[in-house]
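Residue-level listing of the chains:
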Amino acid sequence: RNVKLGAVFELSQASIAGQIDAAGRPTGAGWNSVEIVCPDLAADTFALQVSDDHMAPVYQTGDRLVVSPTARIRPLDRGIAMHENGNARIYEIGQLSATTVTLTTLYPTRANQAFAKTDLAWIARILWVSR
């Protein structure tokens, strides 16, 4: 089934702050519509396109990450977390509690970091990757 996603935005080492609102939804200029063959998705689903190879071999230039800010986050999921300081990174989700989340960076080395949930503006789950 073809699902027209709301937008694709280039994801690079630069922060995506200002392009995604406080709820983890696309906002601002620079977004383009795209169709991706994917299972049924929520209306708030969007895509981010990887624009460089700094996340290789996990994600490579041109990969489209289909993301949902409202999908339930579970341990071992991958997601994008926006920190309160405006920096966004891709992580593997680790332990979750009512007040904290452990996130593992995927690049350049795997490192665990525990965050208070209040230190994160949002986490959007990566549902699918289109190459």
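Residues numbered from 1 in each chain as written. Predicted model: local features only at pLDDT ≥ 70, side-chain atom pairs only at ≥ 80, totals over all residues. Heavy atoms only, no water.

The next thing to look at is the nonpolar core. Ranked by internal contacts, the top residues of the largest apolar core, which has 21 residues, are Leu48, Tyr59, Leu65, Val67, Ile80 and Ile90. When residues of this core are traced back to their parent elements, those giving at least two are β1 (2–11), β3 (46–50), β4 (64–68), β5 (78–83), β6 (88–96) and β9 (120–130). In this structure valine 67 touches Asp44, Thr45, Phe46, Leu48, Ile80, Ala124, Arg125 and Ile126, once residues within four positions along its chain are discounted. Core analysis: the next-biggest nonpolar cluster, separate from the first, contains eight residues, Ala81, Val101, Leu103 and Phe115 among them. (Core = buried A, V, L, I, M, F, W, Y, C linked by side-chain atoms within 4.5 Å. Buried < 20%, exposed > 50% of the residue type's maximum accessible area, 1.4 Å probe, protein only. Helix = DSSP H or I, 4+ residues; strand = E, 2+ residues; numbered from the N terminus. Contact = heavy atoms within 4.5 Å.)

This part covers the environment of serine 68. As for its placement among the helices and strands, serine 68 is situated in strand β4. Once the C-alpha coordinates of serine 68 and alanine 43 are considered, the two residues, 25 residues apart in sequence, prove to be 8.9 Å apart. Discounting residues that sit within four places of it in the chain, serine 68 has contacts with Asp44, Thr45, Ala124, Arg125 and Leu127. A polar atom in the side chain of serine 68 sits 3.3 Å from the backbone nitrogen of threonine 70. (Polar contact = N/O pair within 3.5 Å; in protein donor to acceptor, adjacent residues only side chain to side chain.)

All right, on to the side chain of aspartate 77 then. In this fold, aspartate 77 is placed in the loop between β4 and β5. With residues up to four places along the chain from it excluded, the contact list for aspartate 77 reads Arg72, Tyr91, Glu92, Ile93 and Arg125.

We now examine the packing of aromatic side chains. The geometry of an aromatic ring pair is captured by the separation of the ring centres together with the interplanar angle, meaning the angle of the planes. Under the defined criterion, the tally for this structure stands at two aromatic pairs. Measuring from ring centre to ring centre gives 5.7 Å for tryptophan 31 and phenylalanine 46, while their planes differ by 90°; the resulting arrangement is edge-to-face. Here tryptophan 31, found in the loop between β1 and β2 (32–37), pairs with phenylalanine 46, found in strand β3; they are 15 residues apart in sequence, far enough to count as distant. In this structure phenylalanine 46 comes out as buried when scored by relative accessible area, which is 1%. When the ring of tyrosine 91 is compared with that of phenylalanine 115, the centres are 6.2 Å apart and the planes differ by 65°; the resulting orientation is edge-to-face. Here the residue tyrosine 91 occupies a position in strand β6, and phenylalanine 115 occupies one in strand β8 (residues 112–116), the gap between them amounting to 24 residues. Each member of the pair, tyrosine 91 together with phenylalanine 115, is buried. (Phe/Tyr/Trp six-rings, centres within 6.5 Å; stacked < 30°, edge-to-face > 60°.)

None of the figures reported here should be taken as evidence of function without further support.
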